[in-house]
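So the chains spell out like this:
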Amino acid sequence: MHRVFVYGSLKRAQPNYPLMTDSNNGKAELLATATTVQKYPLVIATQYNIPFLLNLPGQGHRVHGELYRVDEKMLKYLDWFENVPTMYQRTVVELEINELADDELSPGSITEASVYSTTTYQPDWPALPAYQSYDSNGDHGLQYMLREDRNWASVE
C-alpha cells in the first residue's frame, strides 16, 4: 500500500473525486486531512483551470489536502491520470496531520506521502496567485474543466 496526498481536483467534493472511489481504478482509503510542512505554490493554470503544485519548496503556502492509502492498482491509475512523468511527477512530501479519518495517525504528527507536483510549467506560473486550499468553485472564479468537456472547448 502507498500513501498519496491530493490537493486539487481529486479531493472530496471536487470534480475528479469519483475517480478515487471507483473500484475499477483500484482502492483508495482516506486516512486524514493534512497540510504540507513546507510551503509550495498551488496555482490554477491553463485554459482548463487545472490545479498545479509547483515543486518550488519554500514558496507559496502550506497546502491543505487529503491523505489516502492506495493500492498498487490505484497508484498506477493515478500515475496515468496525472500524466506521469510528462505533466506531473510523483515526489515525496512531508505532511502535518490535521483531522483523522483513521486511527493509524495522530493529529499534529508528521508523515510522508507521495504527491503529484510539477517541475515543468510555463515561466509565468510562479507569479500566479498561490492558494492554501483548492476548490473548483472557489472565489477565484476559475472552475476546473473536466477532461471529457475539453475536446469541444478546444474546437471553439
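Residues numbered from 1 in each chain as written. Predicted model: local features only at pLDDT ≥ 70, side-chain atom pairs only at ≥ 80, totals over all residues. Heavy atoms only, no water.

Draft legend 1. Broad picture of the pattern of salt bridges. If you walk through the whole model with that rule in mind, you get four salt bridges. Across the pair Glu 96 and Arg 62 runs a salt bridge whose closest N-O atoms are separated by 2.7 Å. Placement of Glu 96 in strand β6 (residues 89-100) and of Arg 62 in strand β5 (residues 61-70) is noted, with a sequence separation of 34 residues between them. (Salt bridge = Lys/Arg side-chain N within 4 Å of Asp/Glu carboxyl O. Helix = DSSP H or I, 4+ residues; strand = E, 2+ residues; numbered from the N terminus.)

Draft legend 2. Summary view of the environment of Tyr 17. Mapped onto the secondary structure, Tyr 17 falls in helix α1 (residues 17-21). Spatially, the C-alpha atom of Tyr 17 lies 10.0 Å from that of Val 6, the residues being 11 residues apart in sequence. Here Tyr 17 is in contact with Ser 9, Leu 10, Lys 11, Arg 12 and Tyr 68, once residues within four sequence places are set aside. (Contact = heavy atoms within 4.5 Å.)

Draft legend 3. Representation of the pairing of β5 in the model. Burial within β5 is extensive, with seven of its 10 residues counted as buried. Pairing of strand β1 (residues 2-6) with β5, which is carried by five bridges, proceeds in the antiparallel orientation. Residue pairing for β5: Val 6 is matched across the bridge by Glu 66. Note that strand β2 (residues 28-40) and β5 share nine bridges and pair antiparallel. Following the sheet pairing, Ala 28 is matched in β5 by Val 70. (Buried < 20%, exposed > 50% of the residue type's maximum accessible area, 1.4 Å probe, protein only. Pairing = 2+ DSSP bridges.)

Draft legend 4. Spatial organisation of unusual backbone geometry. The linkage connecting Val 84 with the following residue, Pro 85, adopts the cis geometry, with an omega of 5°. Topologically, Pro 85 is positioned in the loop between α2 (72-81) and β6. Backbone geometry at Ala 13 places phi at a positive 65°, although glycine is not the residue there. By the element assignment, Ala 13 lies in the loop between β1 and α1. By relative accessible area, Ala 13 is classed as exposed at 72%. Phi at Asn 49 takes a positive value of approximately 55°, unusual for a residue other than glycine.

Draft legend 5. Focus on α2. Buried residues of α2: Met 74, Leu 75, Tyr 77, Leu 78, Asp 79 and Phe 81, and no others. Summarising the contacts, the buried residues of α2 are in contact with β1, α1, β2, β5, β6 and β7 (110-117). At the exit of α2 stands Asn 83, carrying a positive phi of roughly 55°.

Draft legend 6. Quick look at the sheet that holds β1. With respect to topology, five strands assemble into a closed barrel ordered β1-β5-β2-β6-β7, the strand pairing being mixed. Between one strand axis and the next, the sheet turns by 50° as a mean value, whatever way the strands run. Pairing between β6 and β7: eight bridges, direction antiparallel. By the bridge assignment, Leu 95 is partnered in β7 with Thr 111. (Axes fitted to C-alpha atoms, helices over the stretch in contact; angles between N-to-C directions.)

Draft legend 7. Expanded view of the environment of Val 92. Relative to the elements of secondary structure, Val 92 occurs in strand β6. Residue classification places Val 92 among the exposed positions, given a relative accessible area of 56%. Sequence-wise, Val 92 and Ser 114 are 22 residues apart; in three dimensions their C-alpha atoms are separated by 4.5 Å. Beyond its immediate stretch of four places on either side in the chain, Val 92 contacts Glu 112, Ala 113 and Ser 114.

Draft legend 8. Region of the structure containing the pairing of β6. Summarising the sheet, β2 and β6 pair through four bridges and their orientation is antiparallel. Residue pairing in the sheet places Thr 35 in a bridge with Glu 96 of β6.

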